[in-house]
Amino acid sequence: MVQVEMITGRMVEESRGTIWRAKWSYDYLDNEMTRRILDALHARGPVQASVLPNGRAELVTGRFLVDSITPPAFLFSEDGIPCWHGLGFTLREVEPHD
């Protein structure tokens, strides 16, 4: 527990813990996958995700809030196939842990 003084002058006790942050980006995605990812990112509330923290060998599953989204650009491949390019996002865990 940590004591924190609020702007109003009140003292509160805050329980601190570790939160996971995840960053993801991808270069080329088809339309269906891009739509599914964007729908999940724009949904209200936390999303369930599994992330691989640095220095860990196993995935950690938790509830995350979307911190930021890098919107993709629409383009055509050399073969004329439409695709999305440059989608990225960052997630922040909702509940801290030890």
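Since we're looking at a predicted model, the values are computed, not measured. (Residues numbered from 1 in each chain as written. Predicted model: local features only at pLDDT ≥ 70, side-chain atom pairs only at ≥ 80, totals over all residues. Heavy atoms only, no water.)

**Digging into the pairing of strand S7 (residues 82-93)**
Note: strand S3 (residues 21-29) against S7, eight bridges, orientation antiparallel. Bridging across to S7, Ser-25 finds its partner in Gly-88. Bridging between strand S5 (residues 60-70) and S7 involves six bridges; their strand directions are antiparallel. Counterpart to Phe-64 in the pairing with S7 is Glu-93. One ladder, built from four bridges, connects strand S6 (residues 73-76) with S7; its direction is antiparallel. Across the sheet, the residue bridging to Ala-73 is His-85, located in S7. Count of turn residues in the S6/S7 antiparallel hairpin: five residues, of which Gly-80 carries a positive phi of about 85 degrees. (Pairing = 2+ DSSP bridges. Helix = DSSP H or I, 4+ residues; strand = E, 2+ residues; numbered from the N terminus.)

**A closer look at the pattern of salt bridges**
Applying the stated criterion to the full structure yields one salt bridge. The partner of Arg-21 in a salt bridge is Asp-67, and the shortest N-O contact between them spans 2.9 Å. Of this pair, Arg-21 sits in strand S3 while Asp-67 sits in strand S5, and the two are 46 residues apart along the sequence. On the basis of relative accessible area, Arg-21 is assigned to the exposed category, the value being 54%. (Salt bridge = Lys/Arg side-chain N within 4 Å of Asp/Glu carboxyl O. Buried < 20%, exposed > 50% of the residue type's maximum accessible area, 1.4 Å probe, protein only.)

**Points about the environment of Gln-48**
Relative to the helices and strands, Gln-48 is located in strand S4 (residues 47-51). Overall, the relative accessible area of 60% leaves Gln-48 in the exposed class. With 15 residues separating them along the chain, Gln-48 and Arg-63 place their C-alpha atoms 4.7 Å apart. Apart from the residues lying within four places of it in its own chain, the contact partners of Gln-48 are Thr-61, Gly-62 and Arg-63. (Contact = heavy atoms within 4.5 Å.)

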